[in-house]
Each structure stands twice: as structure tokens, then as C-alpha cells.
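These are the residues of each chain, in order.
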Amino acid sequence: MFWLYSKWFCISYFYLFQSRFVSFHILSTVKTLTFYQKKKSSHIGIVLGDRNAHQAVLHLAQIPYFLTFVFLFGWPLILTRNNLLKIFRQFISKPSWFLLIAILLANCLSPSFTYEHPYLLADNRHYIFYIWKRFWYRSDLPITRYLSLPLYLITAVSMWNLLDLSCLNWPLSSSIALLDDTKKSLQNSFEILRKILFFSLVAVVIIPQRLIEFRYFLTPFIFWRLHVNIDRNEKSTILTRLLIEFIWITTLNLVTFFIFHFKTFHYGEENLIQRIIW
């Protein structure tokens, strides 16, 4: 199911935003849907493994989980002075919007939209098992799942602010005489529309997944990261930010390797060595 959602995300993204490749993506979309329909009609399915364990659900809690993933890898872009000041000014000017987003995120974390997958509870060889057990869903202290609401809120607003899809602008015909203000207004409208479509596609990709896996978040995160707004007038700031991001990602990889290599335990009747990984 995940690979189909990811492919659909990529195809839909380029189909909506890259008009130069429309015919190619229409053909690719038709082939994908045809393949899916054949599998569905033959009752074979497209799931590798147990079909009953990979049923689509309304798992809205995946949105805060995804925001956690984005913050983990993208905090050098989010916790910048300019971005935080912009968020503060937006909060002062439109506090009702922030309150609405906070309420929606809190509802996403409610038990009605949170699912415990059997694979998640049964496998303690992944980081997500310990994050879920000790933080996201502590039965003895349910309030812990709401403690990160400010982080989710800042990350969500930052994703919207930093996303720059102006490189995908649809060129306006030169034969149409438009005032500069009108052109800017149209481009801003297209920009908002593309952002809404982008985040809608992200929601369609991650929400139906019952199992919590960081690999589900990779494709949306990479697309977002590729379109992060960069102020080319501040080259020194860009280089510093990229350097911090590089050091952070390298540190995460080194820590992951260290835990995988040295943090071992024995499990099962055969007493085999088990390791912890993403």
C-alpha cells in the first residue's frame, strides 16, 4: 500500500506542478490505476505480506507524527531567527488561526484517531517502539501526547512559510496585457493553491497508514526540503544553515550506527542477537 501511495504522491505532484511533463504523467497515472484495478478485481491485492495487517484507516495522528519527523531532521531550517520572528508576527496578527490549528492537531492526537498496530507493539527492534511506548502513548500518563503541541504548531506553520513553489510558476501569456499588481496577485493565488495541493497530497499519503513507520514520511519530507525557501541575498546565512544541517544529519547517522553496533540484546528460544534500527 505504501509504495502505491508514494508513487501516487510523486505522479500527482509533478502532474499538478510540472506542466511540461503532463502527457508522461497522465500515461503513468493511467498505468498505475490500471494495475491497481486489476489486482483489486482479481482479489490478489497489492500488499506484500499479511493483507489484514495493512488496511487503510483514518489515522489522523500520523500528522503530528510526521511533524515530529520533519522537526527532527529539519530543525536547522525551522529554528532560525527570521522564521521564528515571522511566526511570532503571524501569531500577533492572526491568533485565531493558531488556535484553530492547535485545536485540530490536538484532535488528531485523540484516541479516536490513534491506532496501535500489532507490528508496532510486537517489535522492539525499532526506535518507533520506544518513542510510542514512552512518549506518544503512555497509558499511565495520557497527557504526554499533548505536551509537544507547541512543537507541532511551530513545525506546521514553518512548513507552510518555508515552502517555496515559485520555481513552478505557470508562465502568463505575453499576449495578455496585465498590470504588475494583477500578475503578482495571480502568482500569489497560484502559490497558495499549490501549497494547499501539496499538503493535501501529503495527508493522502500518510493518513491511511495504520502502522507508524518513518519511511512513510521520507517522500513528503524530501519534496518539502527540496522546495524550502532560500534567501539568496544572505549567502553567509545559507552556508551556515547548510553546514549545521550537514553536521546534524551526520551526527544522527553516527549515533544510529553506534546504537546498531553496540546496543544488542538476545531474544527468543534460539537466543539470537538482536539490534535496534530505524
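Heads up: the structure comes first, above all this text.
Residues numbered from 1 in each chain as written. Predicted model: local features only at pLDDT ≥ 70, side-chain atom pairs only at ≥ 80, totals over all residues. Heavy atoms only, no water.

With that settled, the discussion passes to the nonpolar core. Side chains of a nonpolar character, in soluble globular proteins, are inclined to be buried together. In terms of nonpolar packing, the biggest core is built from 40 residues, with Phe 66, Phe 217 and Trp 224 touching the most fellow members. Contributing elements (two or more residues each) for this core: α3 (62-78), α5 (95-108), α7 (127-136), α8 (149-162), α9 (180-206) and α10 (215-226). Here the element with the most residues in this core is α3; it accounts for nine residues. Ignoring sequence-local partners within four residues, the contact set of Phe 217 consists of Gln 62, Tyr 65, Phe 66, Phe 69 and Ile 206. (Core = buried A, V, L, I, M, F, W, Y, C linked by side-chain atoms within 4.5 Å. Buried < 20%, exposed > 50% of the residue type's maximum accessible area, 1.4 Å probe, protein only. Helix = DSSP H or I, 4+ residues; strand = E, 2+ residues; numbered from the N terminus. Contact = heavy atoms within 4.5 Å.)

Here we take up a nonpolar patch on the surface. On the surface, Phe 88, Phe 91 and Ile 92 cluster together into a nonpolar patch covering about 320 Å² of accessible area. Residue position: Phe 91 is located in helix α4 (residues 81-93). (Patch = residues over 30% accessible without salt bridge, like charges linked within 9 Å, V, L, I, M, F, W, Y side chains within 5 Å. Areas by Shrake-Rupley, 256 points an atom, 1.4 Å probe, with all protein chains shown as cover. Salt bridge = Lys/Arg side-chain N within 4 Å of Asp/Glu carboxyl O.)

Right, let's get into the packing of α4 against α8. At a minimum axis separation of 10 Å, α4 and α8 run at an interaxial angle of 105°. Between α4 and α8, the crossing angle belongs to the class labelled roughly perpendicular. Contacts between α4 and α8 pair Asn 83, Leu 84, Lys 86, Ile 87 and Gln 90 from the former with Ile 154, Val 157, Ser 158, Asn 161 and Leu 162 from the latter. Tallied by class, residues from the contact of α4 with α8 come to five nonpolar, four polar and one charged. (Axes fitted to C-alpha atoms, helices over the stretch in contact; angles between N-to-C directions. Parallel < 35°, antiparallel > 145°, perpendicular 65-115°, else oblique. Nonpolar A, V, L, I, M, F, W, Y, C, P; charged D, E, K, R; others polar.)

In this structure, the largest pocket occupies an estimated 950 Å³ of space. Forming the boundary of the largest pocket are 23 residues, of which Ile 101, Ala 156, Val 157, Trp 160 and Phe 199 lie nearest the centre. For the lining of the largest pocket, the elements supplying multiple residues, two or more each, are α3, α5, α8 and α9. With seven residues, the single largest contributor to the lining of the largest pocket is α5. Its residues placed into classes, the lining of the largest pocket shows 19 nonpolar, three polar and one charged. (1 Å grid on protein atoms, 1.4 Å probe; cavity = no way out; pocket = protein on both sides within 12 Å on 5 of 7 lines; lining within 4 Å. Points joined across faces, edges and corners; volume = space filled by probe spheres on them.)

Moving on, we come to the side chain of Glu 245. Assignment of secondary structure puts Glu 245 in helix α11 (residues 235-262). Since its relative accessible area comes to 11%, Glu 245 is described here as buried. Within the structure, the side chain of Glu 245 is placed 2.8 Å from the side chain of Arg 225, a separation counted as a polar contact. (Polar contact = N/O pair within 3.5 Å; in protein donor to acceptor, adjacent residues only side chain to side chain.)

Per the counting criterion, the structure on display carries 13 aromatic pairs. Ring centres 5.7 Å apart and planes at 90° place the aromatic pair Phe 69 and Phe 221 in the edge-to-face group. A residue pair is termed long-range when its members are at least 10 positions apart, and Phe 69 in helix α3 and Phe 221 in helix α10 qualify at 152 residues. Each member of the pair Phe 69 and Phe 221 is classed as buried. (Phe/Tyr/Trp six-rings, centres within 6.5 Å; stacked < 30°, edge-to-face > 60°.)

Going through the model one piece at a time under the given rule, you end up with three salt bridges. In this structure, the salt-bridge partner of Arg 194 is Glu 191, at a minimum N-O distance of 3.4 Å. Remark: Glu 191 and Arg 194 occur in helix α9; sequence separation between them is three residues, near one turn of the helix. The salt bridge involving Arg 215 is made with Glu 213; its shortest N-O contact spans 3.9 Å. Residue Glu 213 is classed as buried on the basis of its relative accessible area, which comes to 16%.

Helix length check: α5 (14 residues) gives 20 Å between terminal C-alpha atoms against 20 Å at 1.5 Å per residue, within 8%. Listed in full, the buried residues belonging to α5 are Phe 98, Leu 105, Ala 106 and Cys 108. Taken around the axis of α5, the buried residues stretch over an arc of 155°, which confines them to a single face. Opposite its buried face, α5 presents the exposed residues Ser 96 and Leu 99, each directed more than 90 degrees away. In this structure, the buried residues of α5 make contact with α3, α4 and α8. (Expected span 1.5 Å × (residues − 1). Arc of directions from axis to C-beta.)

Spatial relationships are all this shows, so hold off on functional conclusions.
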